[in-house]
Amino acid sequence: MKNIAVIGSGTMGNGIAHVFAQHGYTVSLIDVSEDALKKALFTIDKNLTRQVEKETITAEVKAKALANITTHTAIKDGVAGATLVVEAATENVELKLNIFRELDAHAAPDAILASNTSSISITRIASVTKRPGQVIGMHFMNPVPLMKLVEVIRGYNTTDVVTNAVMELSRALGKVPVEVNDYPGFVANRILMPMINEAVYTLYEGVAGVEEIDTVMKLGMAHPMGPLQLADFIGLDVCLAILNVLFQGFGNPKYAPCPLLVNMVQAGHRGVKSGNGFYAYAAGSKTLVVADQFKKR
């Protein structure tokens, strides 16, 4: 599998394209927005430059990686000749189903179709295609160029051949693949999101403040980032979407999202991407500042 198509040029999509291109794969990066594609190429260039400065790759590797990427605004054009397609669009069920219907119509009959979904059922996604055995989950972690883990999710009909091929491919990228079965949240988010949700409840119920909650988890549990800061980094809207998938999938109230999280997302406070969440984010500043509404009065 040397020809890769990546659907979506946002944070995850451009990171996935970056890693494949850096390892010598030809990458078609696809997005409906030309501006988004230009921004993605700028980000990839910047991140590759950072790797050169840190001497983890050479300038020659950077140049070859950038040359390996082409951009497209139409799925039909972008997936032509691809042996693997990785969908990295927004975590929205209907959007992903529509994309996979289109992929099934235009990708080569033997192409593997993968989703970078963090919680949505691979089996459900595969059900809208005529090749359910060739549909699989490749859940990369953010930031993709740095994080080693790839959750490889087998749908109900995913074949052994496809699973083994994707596991081997992940290793070729320098990643550590972990095979998991298709249940809501898989492994990473089934464990992570209830922890984040409980941290939000702890704040909501007035047990402790933002900094105090994050400090306890960083210093007491050796987490590199507190759960509220991590939620901001992931995106509060993404956290809410995943919790809703868990709640609906299991029907268990322990997965019900905290009302505070719901309110924040409805108010447009989505974390780093919106500039406000549990912390406030100023452009160019690396100082972590608690958002005004959570500061002690």
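Predicted, not measured: the structure shown is a model, and the values here were computed from it. (Residues numbered from 1 in each chain as written. Predicted model: local features only at pLDDT ≥ 70, side-chain atom pairs only at ≥ 80, totals over all residues. Heavy atoms only, no water.)

(A) Molecular detail of the UniProt feature "domain: 3-hydroxyacyl-CoA dehydrogenase C-terminal" (unreviewed entry) in the chain. In this structure's numbering, the residues bearing the UniProt feature "domain: 3-hydroxyacyl-CoA dehydrogenase C-terminal" (unreviewed entry) are residues 185–281. For the annotated span residues 185–281, helix accounts for 62% and strand for 2% of the residues, and the straight-line distance between the end C-alpha atoms is 28 Å. (UniProt positions renumbered as here; feature names shortened; annotations may be inferred. Helix = DSSP H or I, 4+ residues; strand = E, 2+ residues; numbered from the N terminus.)

(B) Quick look at the side chain of Glu 87. Within the element layout of this structure, Glu 87 appears in strand E4 (residues 84–87). For Glu 87, the side chain forms a polar contact with the main-chain nitrogen of Ala 89, separated by 2.8 Å. At a separation of 2.5 Å, a polar atom in the side chain of Glu 87 contacts the side chain of Ser 115. Setting aside residues no more than four positions away along its own chain, Glu 87 makes contact with Ile 7, Lys 96, Ile 99, Phe 100, Ala 114, Ser 115 and Asn 116. (Polar contact = N/O pair within 3.5 Å; in protein donor to acceptor, adjacent residues only side chain to side chain. Contact = heavy atoms within 4.5 Å.)

(C) Representation of a nonpolar patch on the surface within the structure. A grouping of Leu 149, Val 176 and Val 178 is seen on the molecular surface, where their side chains present a nonpolar patch of about 210 Å² in accessible area. Checked against the element boundaries, Val 178 lands in strand E8 (residues 176–181). (Patch = residues over 30% accessible without salt bridge, like charges linked within 9 Å, V, L, I, M, F, W, Y side chains within 5 Å. Areas by Shrake-Rupley, 256 points an atom, 1.4 Å probe, with all protein chains shown as cover. Salt bridge = Lys/Arg side-chain N within 4 Å of Asp/Glu carboxyl O.)

(D) Representation of the sheet that holds strand E7 (residues 149–154) in the model. Reading across the sheet, the 8 strands line up as E3-E2-E1-E4-E5-E6-E7-E8 and stay open at both edges, with mixed pairing between neighbours. With one partner strand each, in any of the chains shown, strand E3 (69–72) and E8 form the two edges of the open sheet. Going across the sheet, the axis of each strand differs from the next one's by a mean of 25°, ignoring polarity. As defined by bridge partners, strand E1 (residues 3–7) adjoins E4 across 4 bridges and the pair is classed as parallel. Looking at E4, one finds that Val 6 is bridged to Val 86. (Pairing = 2+ DSSP bridges. Axes fitted to C-alpha atoms, helices over the stretch in contact; angles between N-to-C directions.)

(E) Structural view of the nonpolar core. In this structure, Ile 16, Phe 20, Leu 29, Leu 84, Met 138 and Phe 140 are the most contacted members of the largest nonpolar core, which totals 34 residues. Tallying contributions element by element places helix H1 (residues 11–22) first for this core, with 6 residues. By size, the runner-up hydrophobic cluster in this structure holds 27 residues, among which are Ala 199, Leu 240, Tyr 255 and Met 264. (Core = buried A, V, L, I, M, F, W, Y, C linked by side-chain atoms within 4.5 Å. Buried < 20%, exposed > 50% of the residue type's maximum accessible area, 1.4 Å probe, protein only.)

(F) Layout of unusual backbone geometry. Note that the residue after Asn 142, namely Pro 143, is joined by a cis bond; omega there is 0°. Topologically, Pro 143 is positioned in the loop between strand E6 (135–140) and E7. Positive phi is not limited to glycine here, since Phe 186 has a value of about 55°. One can find Phe 186 in the loop between E8 and helix H8 (188–204).

(G) Highlighting the side chain of Ser 119. By secondary structure assignment, the location of Ser 119 is in the loop between strand E5 (112–115) and helix H6 (122–126). Judged by its relative accessible area of 1%, Ser 119 falls in the buried class.

(H) Examining the pairing of E7 more closely. Counting buried residues in E7 gives 5 out of 6 residues, a clear majority hidden from the surface. Bridge count between E6 and E7: 5 bridges; the pairing is antiparallel. When the bridges of E7 are listed, Phe 140 appears paired with Val 150. Taken together, the 6 bridges between E7 and E8 define a ladder with parallel strand orientation. Each bridged residue has a counterpart across the sheet, and for Leu 149 the counterpart in E8 is Val 176. Crossover handedness for the path E7 to helix H7 (residues 160–172) to E8: right-handed. (Right-handed = clockwise from strand over helix to strand, strands pointing away.)

(I) Representation of helix H12 (residues 259–266) in the model. Buried within H12 are the following residues: Leu 260, Leu 261, Met 264 and Val 265. In a view along the axis of H12, the buried residues occupy a sector of 130°, so they form one face of it. In the core, the buried residues of H12 are packed alongside H8 and helix H11 (236–250). Count one or two residues on from H12 and you reach Gly 268, which has phi positive near 85°. (Arc of directions from axis to C-beta.)

(J) Quick peek at the packing of aromatic side chains. Per the stated rule, a full pass over the model turns up 4 aromatic pairs. Summarising the aromatic geometry, the rings of Phe 20 and Tyr 25 are spaced 5.4 Å apart at their centres and angled 85° between planes, so their arrangement reads as edge-to-face. Since its relative accessible area comes to 0%, Phe 20 is described here as buried. Using a relative accessible area of 7% as the deciding quantity, one classes Tyr 25 as buried. Above the plane of the ring of Tyr 25 lies Lys 2, whose end atom (NZ or CZ) is 4.3 Å from the centre. (Phe/Tyr/Trp six-rings, centres within 6.5 Å; stacked < 30°, edge-to-face > 60°. Lys NZ or Arg CZ within 6 Å of the ring centre and 35° of its normal.)

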